[in-house]
Amino acid sequence: MTNPFPGIPLIESPLFPALLETMGLTPEEQKVACDLHEQGYAVIDFPDPEIGERIDRIKANLGPRFTGIDLADPQSNKTVGDRRIQDAWKFDEDVHEIAKNQHMLDLLAKLYGRPAFPFQTLNFPVGTQQEAHTDAVHFSSLPERFMCGVWLAMEDIGPNAGPLFYLPGSHRWPLLTNSMIGRRGYGSKLASAQQPFEEGWRALREVYGATEEPFIARKGQALIWTANLLHGGCYQKDQTLTRWSQVTHYYFDDCIYYTPAFSDEAVGRLDLRNLVAIQDGLPRPNTFLGEVIQRPKGKKKLSARSIIRRLRDIA
C-alpha cells in the first residue's frame, strides 16, 4: 500500500500491520519490527562477526581512561569514579566500527522508512543505575520519533550487575514536553535534563500499571529501543561487578533535530542540534521536507517565526 504518513516511523505507524509486508524484511527482521511496534524494543545479536574481538580491544583501550575505578581488582568497588566516555568513536576505531555498522544502518532504514545515521556513542564499564526515563527529552526530531538507541552488551550481564531495564509498551504513552508539564525550557539551565519530567513518568507508570523488566544479556547481544521507551539502570546489588556496554544513538534523514528539555515547541523555540554523522564525518543539517533550515548567524536556537520565514523564502 502507499504510505500516507511518511512523517511517522514505519514501526510506530498506526498502519504498521498493513505496511509490514511492504517493508522488504526477512522473517528475522519482521520479528524485530513487530517487537519494536508492540513493545518499543527488540533484542538482536549484533551483526558483526568480529564483535567479540572488537569488544575485547575496546575494554583494553578504554579501561585505563576511567579514573577513580580500579578495574583490575576484582574486589574493588566499580561504581565510583568516572563511569562513561562520550564519543569514543573519535579516537577508538572499534567503537567507530560498531557505531557505523552497515548491517545495523540498513536494518534501521528499513524499520523507520528513512536512512539512519549515528551521531553519538557512550561507553560504560558499569551500569548507570538511572531512574526510568525516555531519550525523547534529550534527543527529539520534527517529525517526532525519528530517533532510536542501540545498547550493546560487552560482557555477560547478570541480575546483580545493575542490568538495563525497560517498561514494555511505554513507547505508546504520551511524549512529554515542557508545555505538557507547565514548564518553560527555552534558555533554561538544568543539572539533569530528565529531572523535570520524572513526576510525569511516575504518574504514567502508576496509571498504566507498568512494571520494569531487566535485560539479562549475554556478550554481543544488542537492544534496539524507540525514542519514547522508558528505560534505565537497575540498582547494582554487587558493586564489585562490571557491566561493560556501548550505546549508539541514531537519528534519521530529513528532520529537524533538537533537545526538548531546553525547548518550547508550543511557541517554536527549539534548542537545535549541530550534528555530524559518525559513518562519514559529514554534517547533517536540520531540514524540513528536503529544505535546509539555516540558523541565524551566531545563534544556536531558532524560533518558529524564523523557521516559517525561511521556508516562505525558500518557496
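Residues numbered from 1 in each chain as written. Predicted model: local features only at pLDDT ≥ 70, side-chain atom pairs only at ≥ 80, totals over all residues. Heavy atoms only, no water.

**Side note on the environment of Phe165**
Of note, Phe165 is situated in strand S6 (residues 164-166). What makes Phe165 buried here is its relative accessible area of 3%. As a C-alpha pair, Phe165 and Thr211 span 46 residues in sequence and 9.8 Å in three-dimensional space. Residues within four places of Phe165 in sequence aside, it is in contact with Gln130, Glu131, Ala132, Glu212, Glu213, Pro214, His231, Gly232, Gly233 and Cys234. (Helix = DSSP H or I, 4+ residues; strand = E, 2+ residues; numbered from the N terminus. Buried < 20%, exposed > 50% of the residue type's maximum accessible area, 1.4 Å probe, protein only. Contact = heavy atoms within 4.5 Å.)

**A short note on the environment of Pro115**
With respect to the secondary-structure elements, Pro115 resides in the loop between helix H5 (102-112) and strand S3 (116-124). Pro115 sits 12 residues away from His103 along the chain, and the two C-alpha atoms are 12 Å apart. For Pro115, the residues in contact, after removing those within four places along its chain, are Ala109, Tyr251, Phe252 and Asp253.

**A closer look at the sheet that holds strand S9 (residues 231-233)**
Taken in spatial order, the three strands of this open sheet run S7-S6-S9, and their pairing is antiparallel. Across the chains shown, the open sheet's two edge strands, defined by having one partner strand only, are strand S7 (213-214) and S9. In this sheet, S7 lies alongside S6 in antiparallel orientation, the contact comprising two bridges. The residue of S7 that forms the bridge with Phe165 is Pro214. (Pairing = 2+ DSSP bridges.)

**Looking at unusual backbone geometry**
Following Leu142, the chain continues into Pro143 via a peptide bond in cis, with omega recorded as 0°. The backbone phi angle of Asp87 is positive, close to 60°, even though this residue is not glycine. Relative to the elements of secondary structure, Asp87 occurs in the loop between strand S2 (85-86) and helix H4 (93-99). Residue Asp87 is classed as buried on the basis of its relative accessible area of 15%.

**Observations regarding helix H6 (residues 198-208)**
All of the buried residues in H6 are Glu198, Trp201 and Leu204. For H6, the arc enclosing every buried residue in end-on projection is 120°, short of the 170-degree limit, so these residues lie on one face. Residues of H6 that are exposed and point more than 90 degrees away from the buried face comprise Glu199, Glu206 and Val207. Just beyond H6, the residue with positive phi is Gly209, at close to 65°. (Arc of directions from axis to C-beta.)

**A word on the pairing of strand S8 (residues 221-226)**
The element S8 is largely enclosed, with a buried count of six among its six residues. Of the two faces of S8, the one lined by Gln221, Leu223 and Trp225 and the one lined by Ala222, Ile224 and Thr226 are each fully buried. Here strand S1 (residues 41-45) pairs with S8 via five bridges, running antiparallel. If you follow Ile44 over to S8, its bridge partner there is Ala222. Bridge count between strand S5 (residues 147-153) and S8: five bridges; the pairing is antiparallel. Residue pairing for S8: Trp151 is matched across the bridge by Leu223.

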